[in-house]
Amino acid sequence: MSLTDKNTIVSKYLSSHGDTLATHEHLGLEAIRAGLDAGRMALLANPSHKNVSPTLIGQPGRVKVNANIGTSPMINNVEMEIQKLKLAEKAGAHTVMDLSTAGDLDEVRVRILEASPLPLGTVPLYSVAQPYVARGQDPSDFTVDELFEEIEKEAEQGVDFMTLHCGVTARGASLASDGRRILGIVSRGGALLARWMKRRNVENPLLENYDRLLKICLKHNVTISLGDGLRPGAGADAGDAAQWEEVSVLGDLAKRAVEYGVQIMIEGPGHVPLHLVQSQIQGIKRLTNNAPLYVLGPLTTDAAAGYDHIAGAIGGAQAAYFGADFLCYLTPAEHVTLPGPEDVWDGVKASLIAAQSAETALGRPWAVERDLNISKARAALDWEAMADNALDPYTLRKRRQDFHKEKECAMCGSFCAIRMLEGVEDAMICGKKS
Ligand code: SF4
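Residues numbered from 1 in each chain as written. Predicted model: local features only at pLDDT ≥ 70, side-chain atom pairs only at ≥ 80, totals over all residues. Heavy atoms only, no water.

J.: Even after reading the chapter, I still don't get the overall build of the protein chain, so can you show me in this structure?
T.: What the protein chain contains, in helices and strands, is 20 helices and 10 strands. Expressed along its principal axes, the backbone C-alpha trace of the protein chain runs to roughly 90 × 45 × 40 Å. Considering the protein chain as a whole, with its 434 residues, one finds that 56% of them fall into the buried category. Long-range contacts, defined here as pairs at least 24 residues apart, represent 73% of the contacts in the protein chain between residues at least 6 apart. Of the roughly 19,000 Å² of accessible surface on the protein chain, 54% is carried by carbon and sulfur atoms. Here the protein chain contributes 44 positively and 55 negatively charged side chains, and the mean placements of these two sets differ by 3 Å. (Helix = DSSP H or I, 4+ residues; strand = E, 2+ residues; numbered from the N terminus. Buried < 20%, exposed > 50% of the residue type's maximum accessible area, 1.4 Å probe, protein only. Contact = heavy atoms within 4.5 Å. Areas by Shrake-Rupley, 256 points an atom, 1.4 Å probe, with all protein chains shown as cover. Lys, Arg positive; Asp, Glu negative; His and termini not counted. Charge placed at Lys NZ, Arg CZ, Asp CG, Glu CD.)

Encoded structure:
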């Protein structure tokens, strides 16, 4: 039996939304079904998320962009998170993740689910650990049952995909934290699990109880985003033993999930110098049977604090060109503070630029056409057509506002190169007066 036979929820969504998905992805329905059955694509949609727009991630579909939102212990404002959600949607994000770690996490999650047609992702480990942190206890005091009860509750609430760091083994955690790395473990979920294992001298509970997890996820069509708890958090750590140990485990877990009928994605790095992006992406794809790859950046330099959305977009463009399917945005606030609404906007736009750059280079017709339309509009100084095709029409219109009555823009004014040859006959341009 194929995945779409075993997973009746996916099968139903294909029946009800197949034509819309096919049109959006520029693919035939059979290509989508084949991608889902092979585990190369995932259809994000939990039926309990009532207003969800089912969204496909994976080859040969379009590259997608995720925006992370959520409270933190130092900035805890639910209304701002809802505002960020709305801005992420308006900016063009395809999914959002609620990474809240402060306040009433159920309330925040349910409010986001009700307000969001975009598929929602979470990291259940945060919600399990948060009450312990709030009480001043050890964050890794939670029990296995508490962890699985949280996963089941969030699945019932309608969460469409969950980051679950099933591939963090005791060996991998040791490789990442024994001092050979510059930056150890930088994933919150990965560090939490490493602490949980170390204190008890046992293996990862998500790995040990993987079948229990698969059962919950199949019932609700929760896509497991197999987390990269040991991702490199410094360029110098990229491609080390800990990272590949985890990727290798994730490949096995991905296969088991697809055989069970559960959809998966693989999460990827992280911090990766530019010259290693290609080998990282292709290596991860190879070890995970071409499962949908969801990358955080990757950041191609560690030195861009304040501009990490740019470092992430440079890596994201490279990554998508070499096979990554899903770009998790970075914002200018990365590594510094919790993103505000403007950061969310800038982060989504940066990732969309990365996706557009990659898809144009890959020759995908919709992306090539968009670039061509802009070029033609520029040649005609047609500002409305430029805005219609721009990845950020709002900013284009806003920046042109003061001079919108002029044909050219304020960059060169009467020195406009495009207008310079107006009224000059071709023959004269060539210097061949007839
Ligand atoms: S004024 Fe300069 S920048 Fe503006 S449209 Fe003309 S050539 Fe381009």
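J.: I tried to follow the packing of helix 7 (residues 144–157) against helix 11 (residues 210–220) on my own but got confused; where do I start?
T.: To describe two helices that pack against each other, one gives the angle between their axes and the distance between the axes. Packing of helix 7 against helix 11 brings their axes to within 9 Å, and their N-to-C directions diverge by 10 degrees. In terms of their interaxial angle, helix 7 and helix 11 are classed as roughly parallel. Contacts between helix 7 and helix 11 involve Val144, Asp145, Phe148, Ile151, Glu152, Ala155 and Glu156 from the first element and Arg212, Leu213, Ile216, Lys219 and His220 from the second. Residues that form the contact of helix 7 with helix 11 fall into these classes: 6 nonpolar, 1 polar and 5 charged. (Axes fitted to C-alpha atoms, helices over the stretch in contact; angles between N-to-C directions. Parallel < 35°, antiparallel > 145°, perpendicular 65-115°, else oblique. Nonpolar A, V, L, I, M, F, W, Y, C, P; charged D, E, K, R; others polar.)

J.: Is there a simple way to think about the site of the ligand in this case?
T.: As a structural note, the neighbourhood of the ligand is formed by Leu381, Glu408, Cys409, Met411, Cys412, Gly413, Cys416, Ala417 and Ile418. When grouped by side-chain class, the residues that make up the shell around the ligand number 7 nonpolar, 1 polar and 1 charged. (Near = heavy atom within 4 Å.)

J.: How should the domain arrangement of the protein chain be read in this particular structure?
T.: Interface size, as often reported, equals the accessible area lost upon joining of the parts. Taken domain by domain, the protein chain comprises domain 1 (3–362) and domain 2 (366–429). If you average the C-alpha positions of domain 1 and of domain 2, the two centres end up 39 Å apart. The interface of domain 1 with domain 2 comprises 11 residues on the first partner and 9 residues on the second. Contact between domain 1 and domain 2 buries roughly 970 Å² in total, counting both sides, with carbon and sulfur atoms accounting for 63%. It is Lys349, Gln356 and Thr360 in domain 1 that bury the most area against domain 2; as a group they hold 44% of the surface buried on that side. The tally of links between domain 1 and domain 2 comes to 5 residue pairs in polar contact (both at pLDDT 80 or more). With 7 residues, helix 15 (residues 341–361) is the single largest residue contributor to the side of domain 1 that touches domain 2. Residues belonging to the side of domain 1 that touches domain 2 are distributed by class as follows: 3 nonpolar, 3 polar and 5 charged. (Domains from an automatic or database assignment. Buried area = accessible area lost by both parts, 1.4 Å probe. Polar contact = N/O pair within 3.5 Å; in protein donor to acceptor, adjacent residues only side chain to side chain.)

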